[in-house]
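These are the residues of each chain, in order.
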Amino acid sequence: MAYKIGSDCISCGSCAEQCPVNAISEGDTQYNINPDECISCGSCAEQCPVSAISEAE
């Protein structure tokens, strides 16, 4: 199951740097995860300093 970035995102970019498949990009107000490219490894969630990343439902 892919991960998603919630509204708590502070746009620090640490998640994008950690993603091994480059599925995370900077959006207008926060970073976004492309669910078609996400391999559900969880690296981004572990790196997020504000816990804004969780598994999508």
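Each remark here, short or long, concerns the structure printed above.
Quick caveat: nothing in here was measured; it's all calculated off a predicted structure.

### Digging into the overall build of the protein chain
Secondary structure summary: the protein chain contains two helices and four strands in total. Ordered by position from the N terminus, the helices and strands of the protein chain form the series β-α-β-β-α-β. For 57 residues, the compact-globule formula gives about 10 Å, and the C-alpha radius of gyration of the protein chain, at 10 Å, lands near that figure. Projecting the C-alpha coordinates of the protein chain onto the three principal axes gives extents of approximately 25 × 20 × 15 Å. Counting only residues that meet the buried cut, the protein chain has 33% of its 57 residues in that class. Counted over contacts in the protein chain with a minimum sequence separation of 6, partners at least 24 positions apart contribute 59%. Total accessible area computed for the protein chain in this model is approximately 3700 Å², and 39% of it derives from carbon and sulfur atoms.

### Focus on the nonpolar core
Core analysis: the largest hydrophobic core is formed by 15 residues, its most contacted members being I5, C15, I24, I33, C44 and I53. Breaking this core down by element, the ones donating at least two residues are β1 (3-5) and β3 (31-33). Setting aside residues no more than four positions away along its own chain, I53 makes contact with Y3, K4, I5, C15, I33, C44, A45 and C48.

### Focus: unusual backbone geometry
You will see that N22, though not glycine, has its phi angle at about 55°, which is positive. Mapping N22 onto the fold places it in the loop between α1 (14-18) and β2 (24-26). Taking relative accessible area as the criterion, N22 reaches 59% and is therefore assigned exposed.

What counts and what doesn't
- Residues numbered from 1 in each chain as written.
- Predicted model: local features only at pLDDT ≥ 70, side-chain atom pairs only at ≥ 80, totals over all residues.
- Heavy atoms only, no water.
- Helix = DSSP H or I, 4+ residues; strand = E, 2+ residues; numbered from the N terminus.
- Rg over C-alpha atoms; globule rule 2.2 N^0.38 Å.
- Buried < 20%, exposed > 50% of the residue type's maximum accessible area, 1.4 Å probe, protein only.
- Contact = heavy atoms within 4.5 Å.
- Areas by Shrake-Rupley, 256 points an atom, 1.4 Å probe, with all protein chains shown as cover.
- Core = buried A, V, L, I, M, F, W, Y, C linked by side-chain atoms within 4.5 Å.

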